[in-house]
Amino acid sequence: MAEWVRIRDIGNYEGETVTLKGWLYLRTDKGRLKFLRVRDGSGVIQAVLFKKNVSPEAWQAADELTQESSLIVTGTVRADERAPGGYELDVRDLEVVHYAEPDYPIQPKEHGVGFLMANRHLWIRSPRQAAILRIRATVIRAIRDWLDNHDFVNVDTPILTPAAVEGTTTLFETDYFGKPAYLSQSGQLYNEANIFALGKVYCFGPTFRAEKSKTRRHLTEFWMVEPEMAFATLEDVMDVGEQMVSYVVQTVLEKHRRELEDLLERDVSVLEKITPPFPRISYDEAVEILHANGFENFPWGEDFGAPHETTISNQFEKPVFVYHYPTKAKAFYMEEVPDRPEVCRSVDLLAPEGYGEIIGGGQRIASVDLLEQRLREHNLPREAYEWYIDLRRYGSVPHAGFGLGVERTLAWICNLPHVRETIAFPRMLDHIYP
RNA sequence: UCCUCGGUAGCUCAAUUGGCAGAGCGCCCGGCUGUUAACCGGGUGGUUGCAGGUUCGAGUCCUGCCCGGGGAGCCA
């Protein structure tokens, strides 16, 4: 057998005889000539069989190949403009590992999303879905690389959390040795403890929200990276956010330009513009934009819904930071703006093209008194927060952080209609199979 | 939870005013040395989501239920 190579690297082997191991994606017979579209997880290539060039056994084997059969092919790599991808394999030998049963449900044609989701375990084999999953891996790695290279320490925060931190209506409850426990919605509060040990930290893991949300932007289980920094302010959050997001986008462009253009039909020119700095506007300015663009009656003080976010982000080519939200519209731990307590030092980053909020964060309350006041205002059980209050009692510092949602970021970069395509097995309201 | 659209062959869909259940793809058989979701010929394929009702007659009309898509609300 010749050297086993990956299809992605096939251009390095022009004129050489190589072996590929993969699955049959598509077959076209033309008499004594067969075209086999073979994929191996790294890419797809067209293998060409001429009857006169292979053994009768190999020809017979190829004749009986069904879609998704696994196979090993050996042949010569040849550049050919007629082949998708520019290279094809002139097959000399073919071995079938397993004949797939002839009723593989997913055809290379249009299918409904309900059918595809029911067959998600097979759908991920299609080139477009596999490309998204490869880009997802690049996004995650780029995030980690950027943070690791900027002195952030990765500290894992717990997924099982104790009772009733902020009400249980949006938390998944589980049984913890006879007591209720809840799947984590965020690692932020634990991150705030970790920065006092390590300065700058991040956690990166799955988070769970039991919200009855049924939109293109919501999953019940999704992945979030949450950096947190000691001796930091709202402005530091925006600085880090725009640097990190830009690095992620440019890294994806560098590694996946061809997949973005060919498989995802992404206009990469809009991604090329994603470089620092990002526009920064206040909540007040955002409300003015709404008033001038069809939402004349939007009341100051309300949080933005999806149509509002889209209208605001459509004013810009880059993601836009919106800061200083009304204090009442945000979480209890947000630091207030000096001399203007009705707004807080919070920030959201809205992705372009209507993809919504991909970052939410801000500066945290540093004072014991203000934190205790906020806990009372929000009717939160003080005993559950004793440890959190301690952080303000022993060397409190200004600190800030944010969370970035992997799936929404990926949906935006890949220009996907729905976040369900950004993860291999999405968990949604009413969908937990397969 | 609310609004809205939908459910017909394995898939994507059609079926006029209530009047014979259809096509393409897939799959099976045959043909073709450059196909790009090939093409040509033949074959295969149905509890019209479920239950009830109106009617000589229901995929079509009515009632209830189930399931799915899109959106809203919700959303550290």
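Described below are features of the structure shown in this document. Predicted, not measured: the structure shown is a model, and the values here were computed from it.

### Looking at the pattern of salt bridges
Here is step 1: For the structure shown, the criterion picks out 31 salt bridges.
Here is step 2: R141 is paired through a salt bridge with D145; the nearest N and O atoms lie 3.7 Å apart. With R141 and D145 both in helix α4 (residues 127-148) and four residues apart, the pair spans about one turn of that helix.
Here is step 3: For R141, a relative accessible area of 54% corresponds to the exposed category.
Here is step 4: Each of R27, D29, K34 and D63 takes part in one network of salt bridges that share partners.

### Comments concerning the side chain of S70
Here is step 1: Topologically, S70 is positioned in strand β5 (residues 70-79).
Here is step 2: Setting aside its immediate chain neighbours within four residues, S70 contacts G22, W23, V96, V97 and H98.

### Observations regarding the sheet that holds strand β8 (residues 160-161)
Here is step 1: Strand order in the open sheet formed by three strands is β8-β10-β9, with antiparallel pairing between adjacent strands. Lying at the two open borders of the sheet, with one neighbouring strand each, are β8 and β9 (173-176).
Here is step 2: Pairing between β8 and strand β10 (residues 179-183): two bridges, direction antiparallel. Counted as the bridge partner of T161 is Y182 from β10.

### Thoughts on helix α6 (residues 234-262)
Here is step 1: When the terminal C-alpha atoms of α6 are compared, their 39 Å separation across 29 residues agrees well with the 42 Å that a helix rising 1.5 Å per residue should span.
Here is step 2: Along α6, the sharpest kink reaches roughly 85 degrees, centred on H256.

### Here we look at the packing of aromatic side chains
Here is step 1: This structure, assessed with the given rule, holds 15 aromatic pairs.
Here is step 2: A centroid spacing of 5.6 Å and a plane angle of 50 degrees characterise the contact between Y283 and Y325, whose relative ring orientation is tilted. One end of the pair, Y283, is in helix α8 (residues 283-292); the other, Y325, is in the loop between β14 (320-323) and β15 (336-337), and 42 residues separate them in sequence. Y325 carries the same exposure label as Y283, and that label is buried.
Here is step 3: Three or more aromatic residues joined by ring pairs form one cluster here, namely Y190, F332, Y333, Y385, W387 and Y388.
Here is step 4: Its end group placed over the ring of Y388, R392 keeps NZ or CZ at 4.2 Å from the ring centre.

### Quick word on the nonpolar core
Across soluble globular proteins, you tend to see nonpolar side chains buried next to one another.
Here is step 1: Counting residues in hydrophobic clusters, the biggest one holds 58 residues, and the most contacted among them are I143, L260 and W412.
Here is step 2: In terms of residue count, the dominant contributor to this core is α6 (eleven residues).

### Description of helix α1 (residues 56-63)
Here is step 1: Looking at α1, one finds that the buried residues are A58, W59, A61 and A62. Along the axis of α1, the buried positions cluster into a sector of 160 degrees, meaning they face one direction only. Seen from the open side of α1, the exposed residues pointing more than 90 degrees away from its buried face are P56 and E57.
Here is step 2: Structurally, α1 contributes buried residues whose contacts are with β2 (17-30), β3 (33-39), β4 (44-50) and β6 (87-98).

### Describing the side chain of R364
Here is step 1: Among the secondary structure elements, R364 is positioned in strand β18 (residues 356-364).
Here is step 2: Polar side-chain contacts of R364 include one of 3.1 Å to the backbone oxygen of G401.
Here is step 3: When residues no more than four places from it in sequence are discounted, the contact partners of R364 are Q188, E192, E228, Y333, M334, E335, R392, H399, A400, G401 and F402.

### Some remarks on empty space enclosed by the protein
Here is step 1: In this structure the tally under the stated criterion is one cavity of 30 Å³ or more.
Here is step 2: Space inside the largest cavity adds up to approximately 50 Å³.
Here is step 3: Of the residues in the lining of the largest cavity, the class split is five nonpolar, one polar and two charged.

### With respect to the pairing of β10
Here is step 1: Judged from the four bridges that link them, β9 and β10 form a sheet pairing that is antiparallel. For T174, the partnering residue across the bridge sits in β10 and is A181.
Here is step 2: Turn length for the β9-β10 hairpin, with the two strands adjacent in sequence and antiparallel, is two residues, and the turn residue F177 shows positive phi of about 50 degrees.

### A closer look at a nonpolar patch on the surface
Here is step 1: A grouping of L160, Y176 and F177 is seen on the molecular surface, where their side chains present a nonpolar patch of about 380 Å² in accessible area.
Here is step 2: Mapped onto the secondary structure, L160 falls in strand β8.
Here is step 3: What makes L160 partly exposed here is its relative accessible area of 43%.

### Quick notes on the packing of α6 against helix α12 (residues 406-414)
Here is step 1: At a minimum axis distance of 11 Å, the contact between α6 and α12 shows a crossing angle of 50 degrees. The angle between the axes of α6 and α12 places the two elements in the oblique class. Helix-helix and strand crossings are classified by hand; for α6 and α12 the assignment is right-handed. In contact with V245, V248, V249, V252 and L260 of α6, α12 contributes W412, I413 and C414.
Here is step 2: Tallied by class, residues from the contact of α6 with α12 come to eight nonpolar, no polar and no charged.

### Here's the deal with the packing of α4 against α12
Here is step 1: Between α4 and α12, whose axes approach to 10 Å, the crossing angle comes to 120 degrees. In terms of orientation, α4 and α12 fall into the oblique class. Handedness of the crossing formed by α4 with α12: right-handed. Residues I132, I135, R136, V139, I140 and I143 of α4 touch α12, and the partners they reach there are V406, E407, L410, I413 and C414.

Rules used in this analysis
- Residues numbered from 1 in each chain as written.
- Chains lettered and ligands numbered in written order.
- Predicted model: local features only at pLDDT ≥ 70, side-chain atom pairs only at ≥ 80, totals over all residues.
- Heavy atoms only, no water.
- Salt bridge = Lys/Arg side-chain N within 4 Å of Asp/Glu carboxyl O.
- Helix = DSSP H or I, 4+ residues; strand = E, 2+ residues; numbered from the N terminus.
- Buried < 20%, exposed > 50% of the residue type's maximum accessible area, 1.4 Å probe, protein only.
- Contact = heavy atoms within 4.5 Å.
- Pairing = 2+ DSSP bridges.
- Expected span 1.5 Å × (residues − 1).
- Bend = angle between axes of the 7 residues up to and from the residue.
- Phe/Tyr/Trp six-rings, centres within 6.5 Å; stacked < 30°, edge-to-face > 60°.
- Lys NZ or Arg CZ within 6 Å of the ring centre and 35° of its normal.
- Core = buried A, V, L, I, M, F, W, Y, C linked by side-chain atoms within 4.5 Å.
- Arc of directions from axis to C-beta.
- Polar contact = N/O pair within 3.5 Å; in protein donor to acceptor, adjacent residues only side chain to side chain.
- 1 Å grid on protein atoms, 1.4 Å probe; cavity = no way out; pocket = protein on both sides within 12 Å on 5 of 7 lines; lining within 4 Å.
- Points joined across faces, edges and corners; volume = space filled by probe spheres on them.
- Nonpolar A, V, L, I, M, F, W, Y, C, P; charged D, E, K, R; others polar.
- Patch = residues over 30% accessible without salt bridge, like charges linked within 9 Å, V, L, I, M, F, W, Y side chains within 5 Å.
- Areas by Shrake-Rupley, 256 points an atom, 1.4 Å probe, with all protein chains shown as cover.
- Axes fitted to C-alpha atoms, helices over the stretch in contact; angles between N-to-C directions.
- Parallel < 35°, antiparallel > 145°, perpendicular 65-115°, else oblique.
- Left-handed = near helix turned anticlockwise from the far one by under 90°.

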